[in-house]
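Structure at a glance
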Number of protein chains: 2
Amino acid sequence: MFPAPSPLLLTPGPVAIPQWVYEAMRQPVIPHRTAAFEAFYAILLADLRYYFQTKSVVGTMIASGTGAVSAAMYSLFRPGEQVMVVNNGKFSQRWTAEAQRLGLELLEVKKAWGEAPTAEELCALAAQQPDLRGVMLTHCETSTGACLDLEEIAFALKAQSPELLIVADSITTAGAIPFYLDAWQIDAAIASSQKALMNPAGVGCFALSAAACGRLRATHPGDYMNLYNYVQSAQLSNYPFTPPLSLLYGLAAALAYVRAEGLPAVWNRSHRAAQRFRKGVERLGGDLFPRQPSDSLSVFSLPGRDMEKLRQALEQRQLILAEGQDSLRGKVLRVSHMGLADEKAMQELLEVMQEVVG
Amino acid sequence: MFPAPSPLLLTPGPVAIPQWVYEAMRQPVIPHRTAAFEAFYAILLADLRYYFQTKSVVGTMIASGTGAVSAAMYSLFRPGEQVMVVNNGKFSQRWTAEAQRLGLELLEVKKAWGEAPTAEELCALAAQQPDLRGVMLTHCETSTGACLDLEEIAFALKAQSPELLIVADSITTAGAIPFYLDAWQIDAAIASSQKALMNPAGVGCFALSAAACGRLRATHPGDYMNLYNYVQSAQLSNYPFTPPLSLLYGLAAALAYVRAEGLPAVWNRSHRAAQRFRKGVERLGGDLFPRQPSDSLSVFSLPGRDMEKLRQALEQRQLILAEGQDSLRGKVLRVSHMGLADEKAMQELLEVMQEVVG
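Residues numbered from 1 in each chain as written. Chains lettered and ligands numbered in written order. Predicted model: local features only at pLDDT ≥ 70, side-chain atom pairs only at ≥ 80, totals over all residues. Heavy atoms only, no water.

**Overview of the overall build of chain A**
- When its secondary structure is counted, chain A shows 12 helices and 13 strands.
- Taking all 358 residues of chain A together, 64% fall into the buried category.
- Counted over contacts in chain A with a minimum sequence separation of 6, partners at least 24 positions apart contribute 70%.
- Total accessible area on chain A is roughly 12,400 Å²; 51% of this is exposed by carbon and sulfur atoms.
- Charge centroids of chain A, computed over 31 positive and 34 negative side chains, lie 3 Å from each other. (Helix = DSSP H or I, 4+ residues; strand = E, 2+ residues; numbered from the N terminus. Buried < 20%, exposed > 50% of the residue type's maximum accessible area, 1.4 Å probe, protein only. Contact = heavy atoms within 4.5 Å. Areas by Shrake-Rupley, 256 points an atom, 1.4 Å probe, with all protein chains shown as cover. Lys, Arg positive; Asp, Glu negative; His and termini not counted. Charge placed at Lys NZ, Arg CZ, Asp CG, Glu CD.)

In structure tokens, the structure reads:
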């Protein structure tokens with residue numbers, strides 16, 4: 001399907017970039033206060049609505065995933081408001097710290113790395129907090145691969161407290177595994193260009209429900225982290241600041257590709273890659289780390305093996321995997337199942353792993 | 001020197017992107033927690049030090065120019081601290097609003113659009129404010145082309161109050177006209193990839209004096225807008241978040257180019273383009289808007305001419321200029337003298353303008 005570059009980048013973000021994304025990025029830069037830009041951006045936004053499975057509001061900003069999640073938290077909650085944050089890995093830990101920095105009243109739900117919370121426990125905790133305004137959920141923790149049941153959790157929380165804002169870090173899930181903003185009653189979701197969208201890092205994408213849009217408030221038109229400004233501009237298919245046009249060209253190509261292939265086929269591609277890789281790891285006697293893994297990446301170990309040495313051996317064979325982070329450093333490797341990291345690439349990886357450990 | 005793309009983008013940011021920047025951007029993505037990334041980024045940072053003419057601390061972040069200036073203001077000043085902001089155009093107006101949003105005590109120095117403040121008036125105002133912590137100066141206002149005498153103003157302010165932090169929005173000046181962070185005693189400066197660096201929008205660049213670094217304080221490692229995190233990582237030639245690697249490849253190529261050509265030659269290229277264009281406008285009976293223009297762009301009008309119609313006529317000839325902003329809309333056009341908008345391009349533009357108005 002794609003011509004694979006060499007060496008093959010198999011890290012769970014940044015991911016390998018297809019040549020056709022680079023081709024798209026070379027389109028001529030045009031000024032953004034023009035009908036031509038607006039025509040281009042309107043199509044990108046329509047495809048982004050499909051990507052998030054929403055009829056509501058979507059937009060993009062120049063930011064890494066962290067920047068876009070921070071912008072969502074800043075835009076949706078006010079200092080003093082109580083927000084529940086599930087903390088079960090490196091990135092969700094970051095959202096608890098960000099909630100504190102923003103002066104939110106943090107209700108932290110701490111889980112061991114690799115564990116995912118259940119709908120029951122979150123509902124029980126939320127039931128005791130009459131002033132709770134929102135819940136921040138990391139759909140898949142890229143540090144561990146653990147995936148929470150976002151559909152079930154959001155359904156249960158909304159059934160109990162319809163006014164709760166459900167915010168999802170879907171950076172490593174949107175475009176890789178099923179994600180439905182409207183049907184699951186998610187109020188805000190964030191995606192990032194360097195994951196399933198197969199683009200360079202640089203663009204944060206967001207989707208907001210009507211309730212979330214109602215919580216945005218104007219600060220000033222140059223407030224970079226306020227999604228209000230991006231939403232106001234996106235309604236005119238325009239941008240509050242100089243847009244990252246070359247990156248948007250690449251992103252538009254990827255979103256059009258997803259729309260043409262269809263999300264079910266895209267999700268199934270990651271699923272098949274994950275299945276193939278995980279069966280292979282089991283055959284090698286290895287362990288998969290989280291009990292509830294996302295199909296977007298696998299976090300694994302081979303007992304009795306120095307995983308850093310394995311990573312280096314694979315790198316010498318032109319296969320680039322990611323090491324474990326923080327407490328998992330040296331204990332696991334992380335491999336993407338997004339984009340070019342498809343079933344065929346997983347088969348190739350497994351064959352090389354077999355040679356290396358055999 | 002460069003193969004010019006068609007149509008020729010002559011707006012003062014975003015600017016036309018040379019083909020060799022696109023070529024550089026296609027280099028394979030590598031994981032950033034690696035010696036390979038650090039080796040690459042160390043060279044980029046060394047060239048960025050040359051670009052800002054500093055031996056002090058430099059760094060980059062995923063942000064537009066507005067995002068990077070906001071990050072500098074947030075990182076260097078605390079709520080309640082008094083900061084002087086010169087407001088003489090669309091962008092400096094934004095910095096006054098941002099100072100208010102950040103809870104700073106704003107001492108606004110309001111000037112008419114196109115005017116620039118003098119060292120004397122700023123020193124006189126600063127002398128009355130014993131608690132003043134910093135001064136925010138927009139070196140060149142891209143909305144009007146007005147350039148303030150940053151060297152003289154910083155010299156006078158520092159002579160009067162050595163502990164004042166001088167913060168310069170040098171987005172449309174660094175790499176286009178003389179700028180010396182260390183020699184001029186500037187404490188913080190911001191540049192942006194889509195201006196003199198001839199790259200896509202997406203990367204904000206900053207330079208900080210030792211005094212500015214001393215004012216940074218840790219919040220948490222995931223605080224996206226805190227330059228402290230970027231500085232900590234840059235000291236290890238690394239990045240606090242997923243870096244915009246493809247954009248950094250393009251930026252590194254442009255910075256290496258500037259270093260190879262030498263800043264004096266780069267500045268002279270903009271100077272010659274500005275001189276050529278301005279003489280041509282005078283020959284056409286036109287007016288140049290600001291009294292103290294920067295060589296990075298010209299803001300001009302042709303008396304008795306509908307400037308929007310002129311802009312459209314030039315666009316039909318594949319020459320893209322920028323319209324006036326806010327109160328200058330319809331009254332002026334803005335043309336870049338950065339990067340590919342060199343003397344030769346200005347000659348071509350003047351010939352077409354002569355045809356159109358002749």
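**A few points about the relation of the copies chain B and chain A**
- Of the transformation placing chain B onto chain A, the axial shift is 0.0 Å and the rotation is 180°, giving an RMSD of 0.0 Å. The operation mapping one copy onto its partner corresponds to a two-fold rotation axis. The C-alpha atom lying nearest the rotation axis in chain B is that of B:Ala63; the distance is 2.9 Å.
- Most of the interface of chain B is mirrored in chain A: 100% of its interface residues are interface residues there too. (Least-squares fit on C-alpha atoms with pLDDT ≥ 70 in both.)

**Regarding unusual backbone geometry**
- Here the amide bond leading from A:Gly13 into A:Pro14 is cis, since omega sits at 0°, within 30 degrees of zero.
- Structurally, A:Pro14 is set in the loop between strand S1 (8-9) and helix H1 (19-25).
- At A:Gln185, a position not held by glycine, the phi torsion is positive, near 60°.
- Residue B:Met198 is not a glycine yet carries a positive backbone phi of 60°.
- Mapped onto the elements, B:Met198 comes out in the loop between strand S7 (188-192) and strand S8 (203-208).

**Looking at the packing of helix H2 (residues 35-52) of chain A against helix H9 (residues 245-261) of chain A**
All names here are of chain A.
- Closest axis-to-axis distance for the H2/H9 pair is 9 Å, and the angle between their directions is 45°. Between H2 and H9, the interaxial angle falls into the category oblique. Relative to H9, H2 is oriented so that their crossing is left-handed. Of the residues in H9, those in contact with Phe 37, Phe 40, Tyr 41, Leu 44, Ala 46, Asp 47, Leu 48, Tyr 50 and Tyr 51 of H2 are Leu 245, Leu 248, Tyr 249, Ala 252, Leu 255, Ala 256, Val 258 and Arg 259.
- In terms of residue class, the contact of H2 with H9 is made up of 15 nonpolar, no polar and two charged. (Axes fitted to C-alpha atoms, helices over the stretch in contact; angles between N-to-C directions. Parallel < 35°, antiparallel > 145°, perpendicular 65-115°, else oblique. Left-handed = near helix turned anticlockwise from the far one by under 90°. Nonpolar A, V, L, I, M, F, W, Y, C, P; charged D, E, K, R; others polar.)

**Section: the packing of aromatic side chains**
- Using the criterion set out here, one finds 30 aromatic pairs over all chains in the structure.
- Considering the side-chain rings of B:Phe37 and B:Phe40, the 6.2 Å spacing of their centres and the 55° angle between planes classify their relative orientation as tilted. One end of the pair is B:Phe37 and the other is B:Phe40, both in helix H2 (residues 35-52) and three residues apart, which spans about a single turn. Neither B:Phe37 nor B:Phe40 differs from the other in exposure class; each is buried.
- Through successive ring pairs, a cluster of aromatic residues spans A:Phe37, A:Phe40, A:Tyr41, A:Tyr224, A:Tyr230, A:Tyr239, A:Phe241 and A:Tyr249. (Phe/Tyr/Trp six-rings, centres within 6.5 Å; stacked < 30°, edge-to-face > 60°.)

**So, the sheet that holds strand S10 (residues 297-301) of chain B**
Residues and elements named next belong to chain B.
- Across the sheet, four strands lie side by side as S9-S10-S13-S12; this open sheet has antiparallel pairing. One side of each edge strand has no neighbouring strand; the edge strands of this open sheet are strand S9 (287-288) and strand S12 (322-323).
- Here S9 runs beside S10; their pairing, made up of two bridges, is antiparallel. Residue pairing across strands places Asp 287 opposite Ser 301, the latter belonging to S10.
- Across the face of the sheet, helix H10 (residues 263-283) comes into contact with S9, S10 and strand S13 (333-336) while running at roughly 5° to S10. (Pairing = 2+ DSSP bridges.)

**Focus: the nonpolar core**
- Ranked by internal contacts, the top residues of the largest apolar core, which has 207 residues, are A:Phe52 and B:Phe52.
- Residues within four places of B:Phe52 in sequence aside, it is in contact with B:Val58, B:Ser170, B:Ala174, B:Phe179, B:Tyr180, B:Leu181, B:Ala189, B:Ile190, B:Ala191, B:Cys205, B:Phe206 and B:Ala207. (Core = buried A, V, L, I, M, F, W, Y, C linked by side-chain atoms within 4.5 Å.)

**Some thoughts on the packing of helix H5 (residues 119-127) of chain B against helix H6 (residues 150-160) of chain B**
Residues and elements named next belong to chain B.
- Two numbers describe how H5 lies on H6: the axes approach to 9 Å, and their chain directions differ by 30°. For the element pair H5 / H6, the angle class is roughly parallel. In the packing of H5 onto H6, the handedness of the crossing is right-handed. Residues Ala 119, Glu 120, Leu 122, Cys 123, Ala 126 and Ala 127 of H5 form the contact with H6, whose own contacting residues are Glu 152, Ile 153, Ala 156, Leu 157 and Gln 160.
- Looking at the contact of H5 with H6 residue by residue, the classes come out as eight nonpolar, one polar and two charged.

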